[in-house]
Amino acid sequence: MEDCIFCKIVKGEILSHKIYEDDLVYAFLDVKPVSPGHILVIPKDHHENIFDCPENILSQIIKVSKKIAQLLKDKLGVEAVNIFNNSGGVAGQDVFHLHFHVVPRSKKDNMKMGFIGKKDLNINLEEIKNKLVLES
Ligand code: 5GP
Ligand code: ZN
């Protein structure tokens, strides 16, 4: 992808603060961190988001995210992390090259992340479950 900023980062055409690299995955500091040590874990090949990324690459991204969480704990004394991915514009994806955020959290950070479950949404859980059963 010629115009993809994260492809350029993987190729070294744009500077990044690399934390980790293997055959499939590249990890680097987010340029606009939510907290110190905010890291992005991405596939080296261009995949837009969770929908088009092969499972073996996603597995490696999660494995690396775990290692990075441990690294943040060991080296920065981070006590908790949020690991999340935005897949699709409506979900808040700004850069359309798959990335998982690993965000250090602390009691003092006052950060508001998360969602509020709606009690009164009048959703029929049974109906939705019947549409969504996934074969193993
Ligand atoms: P999204 O909103 O797509 O889930 O997250 C995109 C993330 O990429 C943002 O947190 C943003 O700060 C980060 N980002 C965007 N451009 C660059 C860049 O050129 N370098 C780095 N290191 N991070 C970037
Ligand atoms: Zn890309």
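Residues numbered from 1 in each chain as written. Chains lettered and ligands numbered in written order. Predicted model: local features only at pLDDT ≥ 70, side-chain atom pairs only at ≥ 80, totals over all residues. Heavy atoms only, no water.

A. Representation of the overall build of the protein chain within the structure. Secondary structure assignment for the protein chain yields 3 helices and 5 strands. Each helix and strand of the protein chain, ordered N terminal to C terminal, gives the series α-β-β-β-α-β-β-α. Seen along its three principal axes, the alpha-carbon backbone of the protein chain occupies a region of about 50 × 40 × 30 Å. Scored against the burial criterion, the 136 residues of the protein chain give a buried share of 35%. Within the protein chain, residue pairs in contact and separated by at least 24 positions form 53% of the contacts whose partners lie at least 6 positions apart. With an accessible surface of roughly 9800 Å², the protein chain has 55% of that area assigned to carbon and sulfur atoms. If you average the places of the 18 positive and of the 19 negative side-chain charges in the protein chain, the two averages end up 9 Å apart. (Helix = DSSP H or I, 4+ residues; strand = E, 2+ residues; numbered from the N terminus. Buried < 20%, exposed > 50% of the residue type's maximum accessible area, 1.4 Å probe, protein only. Contact = heavy atoms within 4.5 Å. Areas by Shrake-Rupley, 256 points an atom, 1.4 Å probe, with all protein chains shown as cover. Lys, Arg positive; Asp, Glu negative; His and termini not counted. Charge placed at Lys NZ, Arg CZ, Asp CG, Glu CD.)

B. The sheet that holds strand β1 (residues 18–21), seen in detail. Strands sit in the order β1-β2-β3-β5-β4 across an open sheet of 5 strands; the sheet is antiparallel. A strand with exactly one partner marks an edge of an open sheet, and here the two such strands are β1 and β4 (80–84). Averaged over all pairs of adjacent strands, the angle between their axes in this sheet comes to 15 degrees, without regard to strand direction. Strand direction decides the pairing type here: strand β2 (residues 25–29) and strand β3 (residues 39–43), joined by 5 bridges, are antiparallel. Each bridged residue has a counterpart across the sheet, and for Val25 the counterpart in β3 is Pro43. Against the sheet, helix α2 (residues 55–76) contacts β1, β2, β3, β4 and β5 (100–105), and its axis sits at roughly 160 degrees relative to β3. (Pairing = 2+ DSSP bridges. Axes fitted to C-alpha atoms, helices over the stretch in contact; angles between N-to-C directions.)

C. Fine view of the site of ligand 1. Inspection of the region around ligand 1 gives 16 residues, with Leu29, Asp30, Asp94, His99 and His101 positioned closest. In the environment of ligand 1, an oxygen atom lies 3.0 Å from a nitrogen or oxygen atom belonging to the backbone of Val95. In this structure, His99 approaches ligand 1 through a side-chain N or O atom, which is 2.8 Å from an oxygen atom. About the coverage of ligand 1: the protein hides 82% of its 520 Å² of free accessible area. (Near = heavy atom within 4 Å. Polar contact = N/O pair within 3.5 Å; in protein donor to acceptor, adjacent residues only side chain to side chain.)

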